[in-house]
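Chain residues, written in single-letter form:
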Amino acid sequence: MEPNQLSNRKRKIEEMEGEDRLSDLPDCLLHHIFLIAGTEHVVKTCIKWPETLELSSLRNLETLKLVGLFSGSFSVCALNLKTFDILNMEKRVPYSDCEFVIVAPKLIKFKFDGYPPKLFSPKNLSSLDQIEIDMPSNRELNLFTNKDMKKKEYALKVLQMLNAFPIAKTITLSMNVIQALSYAPALLSEHPSQISNLKYLKVKSSKSTKKVMIPSIILDYFLTSSPLLETSLMKRPTKLLHKGD
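Definitions and limits used
Residues numbered from 1 in each chain as written. Predicted model: local features only at pLDDT ≥ 70, side-chain atom pairs only at ≥ 80, totals over all residues. Heavy atoms only, no water. Pairing = 2+ DSSP bridges. Helix = DSSP H or I, 4+ residues; strand = E, 2+ residues; numbered from the N terminus. Core = buried A, V, L, I, M, F, W, Y, C linked by side-chain atoms within 4.5 Å. Buried < 20%, exposed > 50% of the residue type's maximum accessible area, 1.4 Å probe, protein only. Contact = heavy atoms within 4.5 Å. Salt bridge = Lys/Arg side-chain N within 4 Å of Asp/Glu carboxyl O. Expected span 1.5 Å × (residues − 1). Phe/Tyr/Trp six-rings, centres within 6.5 Å; stacked < 30°, edge-to-face > 60°.

Draft legend 1. Local environment of the pairing of strand 9 (residues 130-134). Where strand 7 (residues 109-113) lies against strand 9, five bridges are found, and the strand directions are parallel. Across the sheet, the residue bridging to K111 is E132, located in strand 9. Of the pairings in the sheet, the one linking strand 9 to strand 10 (residues 170-174) comprises four bridges and is parallel in character. Its bridge partner lying in strand 10, I133 is registered against L173.

Draft legend 2. Layout of the nonpolar core. With 52 residues, the main nonpolar core has F84, F110, F165, I171, L173 and F222 as its most contacted residues. It is helix 3 (residues 147-162) that contributes the most residues to this core, six residues altogether. Those residues in contact with F84, other than ones at most four positions away along the chain, are L64, L66, V76, I102, L107, K109, F110 and K111.

Draft legend 3. Summary view of the side chain of K204. Mapped onto the elements, K204 comes out in strand 11 (residues 200-205). Not counting residues up to four positions away in its chain, the partners in contact with K204 are E132, T172, L173, S174, M175 and M234.

Draft legend 4. Highlighting the pattern of salt bridges. With the rule as written, the count across this model stands at one salt bridge. With its nearest N and O atoms 3.0 Å apart, the salt bridge here joins K204 to E132. In this pair, K204 is assigned in strand 11 and E132 in strand 9, connecting sequence segments 72 residues apart.

Draft legend 5. Main features of helix 3. The end-to-end C-alpha distance of helix 3 is 23 Å, a good match for the 22 Å that 16 residues give at a rise of 1.5 Å each. Every buried residue belonging to helix 3 is among K150, K151, Y154, A155, K157, V158, L159, M161 and L162, and all of these are buried.

Draft legend 6. Summary view of unusual backbone geometry. Here N124, not a glycine, exhibits a phi torsion of approximately 55°, which is positive. Relative to the helices and strands, N124 is located in the loop between strand 8 (119-123) and strand 9. A residue is classified by how much of its surface remains accessible, and N124, at 48% relative accessible area, is partly exposed.

Draft legend 7. Fine view of the packing of aromatic side chains. One pass over the structure, following the stated rule, counts nine aromatic pairs. When the centroid spacing of 5.5 Å and the interplanar angle of 50° are considered together, the rings of F110 and F120 count as tilted. With F110 in strand 7 and F120 in strand 8, this pair connects stretches of sequence that are 10 residues apart. Measuring from ring centre to ring centre gives 6.5 Å for Y115 and Y154, while their planes differ by 75°; the resulting arrangement is edge-to-face. A residue pair is termed long-range when its members are at least 10 positions apart, and Y115 in the loop between strand 7 and strand 8 and Y154 in helix 3 qualify at 39 residues. Side by side, Y115 and Y154 carry an identical accessibility label, which is buried. Of the aromatic side chains, those joined through ring pairs into one cluster are F84, F100, F110, F112, F120 and F165.

This is the structure in structure tokens:
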């Protein structure tokens, strides 16, 4: 084979390795992949999801982790699902146009990392015990000319997402979520907490934060529906350096 042919072949292989080829698969084939993966109890993806996707036959799945760029409508129905993580990697703007619908009666732990979705509609989460929500920095909101209105809209999305889990007993929030809730104090009165079973509120701070305090208005918001609430502050784990690193 000529050197030019070898070079072209190598370049083609490198281009193919860098492509997100799963994103181009038809929905029916994606469904089949999830059904096969369900037998191993873990599904982890890193693709750009199609605008409309329904995962409704995940009967044996107990742990599900979805990683990617989400947009449009996204539905999951998994009757035996116990742990569910969503990492939305969209970081460009502090808004997400995705709509999530989750049906998982045995779900115990739910974790969401990303900007709050346009619509979040969990249904029949009768076993839910723990939720954890983290969001990227909200600094981009200050770039809008109507930043006060944008901050209020953002805070409302966060509130709606939180109140979609009324039976959760333990909630872990990042400081970015706490900050978002404090953007519009009036909304906290207009949309009171629906989380009546809440027992523990945990707040994670970044490792660069020296002193962390939960604003009283945020704490009062949760105490209204859960007067016996216990709170705690957590530091994000730091990476241990080994000798010689």
